[in-house]
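Notes for the structure review
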Amino acid sequence: MWGDSRRCVPIVFNGVKFYITSSLLEASEHLKDIQQRHPDMCGRWWIDMLCINQDDDRERGHQVSNMRDIFQHANLVVAWLGPEADGSRDLMQDLNRQPSETSDRQLHQTRAFLSRPYWSRLWIVQEICVARDVLFACGTETAPWASLRDQLQALKSTIGMEMGYTFSYTIGHLSVSDFRLLIPFNLVDLREKSQSWGMSLGSILTFTSQSASTDPRDKVFAILGLANHGAGTEIVPDYTLSSCSVYCSAIRAVYKDGGLMHKGKVREIATRCHHDPLSEDNSIRRECDGMECNAWWCCSDAALWAMPD
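About the thresholds
Position labels on residues start from 1 in each chain and follow its written sequence. For this predicted model, a pLDDT threshold of at least 70 governs which residues receive local features, and a threshold of 80 or more governs which side-chain atom pairs are given and counted, while totals over whole chains, interfaces and linings are taken from all residues. In computing side-chain properties, one takes all heavy atoms of the structure into account and sets aside hydrogens as well as water. Secondary structure elements follow DSSP: runs of H or I of four or more residues count as helices, runs of E of two or more count as strands, with numbering from the N terminus. Only the protein chains shown count as cover for residues, with accessible areas throughout obtained via the Shrake-Rupley method and a probe of 1.4 Å. Values of pLDDT, the confidence the predictor places in each residue, fall between 0 and 100. Residues are treated as being in contact if the distance between any of their heavy atoms lies within 4.5 Å. Any two of the Phe, Tyr and Trp rings considered here, Trp counted by its six-membered ring, make a pair once their centres fall within 6.5 Å; the pair's planes then place it as stacked at under 30 degrees, edge-to-face at over 60, or tilted in between. Relative accessibility thresholds used throughout: buried, under 20% of the residue-type maximum; exposed, over 50%; partly exposed, between the two (1.4 Å probe, protein chains only). A ring has a charge above it when a Lys NZ or an Arg CZ is no more than 6 Å from the ring centre and no more than 35 degrees off the ring normal. Strand pairing is assigned whenever DSSP identifies at least 2 bridges connecting the two strands. Angular values range over 0 to 180 degrees, each being the angle between N-to-C directions of two axes fitted as lines to C-alpha atoms, with helices fitted over their stretch in contact. Multiplying 1.5 Å by the helix residue count minus one yields the expected span of that helix. In these notes the angle categories are as follows: under 35 degrees is roughly parallel, over 145 is roughly antiparallel, 65 to 115 is roughly perpendicular, and the rest is oblique. By definition, any crossing whose near helix is turned counterclockwise from its far helix by less than a right angle is left-handed, and any crossing with a clockwise turn is right-handed.

**Digging into the overall build of the protein**
Helix and strand counts for the protein stand at 13 helices and seven strands. Only carbon and sulfur atoms are counted for the fraction: they give 49% of the accessible area of the protein, which is about 15,300 Å².

Put into structure tokens, the structure is as follows:
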């Protein structure tokens, strides 16, 4: 469950005191109402913040390795986008009605909807891509993944936006220069690819490098479950490693998966790192955060040269 971990509130669950984000508390209060309208949602819930001991690095690593299976086998994944705001109620109702045309009002509401913090969170990528079905909840309204997907595809077609690595596009009369607004559109393609033929770690990184995570190591760990071939499948989540060590393991995976030309380019990129990311020696990276040394920059840039899936 996304939210600012610095703003936690206490709850008592099964006689045990927990601290949860205000976002999770807000979601749990709305889910009671949503469940009444969706009887099929009754049953056991998996909520990472409660089901994983966040203070135990070994348990975190073990559970992160299981995340794909957890979300893949769930009957339904409910995605909480936050409370009602900026016309979200009307937009959610429109998503369920599937109007034939998109009005200026809907374009403004869609931009606000796609700008919500939820979409920038890295962990949602795997949750959405591997889930059997996703139900988006915003305030008291809900809409299925299929409705949102169709709306995004219609917008993409209507505005003539070409996907890829474009940093500026226009929604109606609104000029947008924030790359993160591309994330929901990318999710449509990424879900289709991950459920059809799968992807390598490098290919996934090209989609997710701009997404945010509280723990910087999750820039790699959070997407491992989507990689079903290539050297990235050999990486095991280990939260005892420094961020730099994790980034360098991803760089080596991209390097191993590449052809001759791609390996040459990755080697060139690796020279910009303050220490050799292609070396297996993690002792030189033990205390490094992977930013000042340029390891993360090298990792995301090397991913652009990954062999296409």
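**Describing the confidence of the model for the protein**
In low-pLDDT segments, the atomic positions of the prediction should not be examined closely. Averaged over the protein, the pLDDT score is 82; the fraction of residues at 70 or greater is 87%. Per-element averaging of pLDDT across the protein places strand S7 (residues 174-176) at the bottom with 43 and helix H10 (residues 218-221) at the top with 96. Low confidence marks residues 160-177, where pLDDT is under 50. Its contacts with residues over four positions away, or in another chain, come to 39 contacts.

**Let's talk about the packing of aromatic side chains**
Tallying each qualifying case throughout the model produces seven aromatic pairs. On the basis of an interplanar angle of 50° and a centroid distance of 5.1 Å, the ring pair of Tyr247 and Trp296 is categorised as tilted. Of this pair, Tyr247 sits in helix H11 (residues 243-257) while Trp296 sits in helix H13 (residues 295-303), placing them 49 residues apart in sequence. There is no split in this pair, since Tyr247 and Trp296 are both buried. Here the guanidinium or amino end of Arg60 rests over the ring plane of Tyr239, the centre of that ring lying 3.9 Å away. Its guanidinium or amino end placed over the ring of Tyr255, Lys263 lies 5.4 Å from that ring's centre, counting from NZ or CZ.

**Details of the pairing of strand S1 (residues 8-13)**
Judged from the six bridges that link them, S1 and strand S2 (residues 16-21) form a sheet pairing that is antiparallel. Each bridged residue has a counterpart across the sheet, and for Val9 the counterpart in S2 is Ile20. Connecting the antiparallel pair S1 and S2 is a turn made up of two residues, with Asn14 showing a positive phi of about 55°.

**A word on the sheet that holds strand S3 (residues 77-82)**
In space, the three strands of this open sheet follow the order S3-S4-S5, with mixed pairing throughout. Bordering the open sheet on either side are S3 and strand S5 (141-144), each of which pairs with just one other strand. Between one strand axis and the next, the sheet turns by 25° as a mean value, whatever way the strands run. For S3 and strand S4 (residues 134-138), the ladder comprises five bridges, and the chain directions are parallel. Bridge assignment links Trp80 to a residue of S4, and that residue is Ala137. Contacting S3, S4 and S5, helix H1 (residues 22-37) runs over the sheet at an angle of about 125° to S3.

**Quick word on H11**
Across its 15 residues, H11 extends 22 Å between first and last C-alpha, which sits within 8% of the 21 Å expected from 1.5 Å per residue. Considered for burial, the residues of H11 that qualify are Ser243, Cys244, Ser245, Val246, Tyr247, Cys248, Ser249, Ala250, Ile251, Arg252, Ala253 and Val254. Along its buried surface, H11 packs onto helix H9 (201-208), H10, helix H12 (260-270) and H13.

**Here's the deal with the packing of helix H3 (residues 57-72) against helix H6 (residues 123-130)**
At a minimum axis distance of 8 Å, the contact between H3 and H6 shows a crossing angle of 40°. Our classification of the angle between H3 and H6 gives oblique. Judged by the sense of rotation from one axis to the other, the crossing of H3 with H6 is right-handed. Between H3 and H6, the contacting residues are Val64, Met67, Arg68, Phe71 and Gln72 on the first element and Trp123, Gln126, Glu127 and Val130 on the second.

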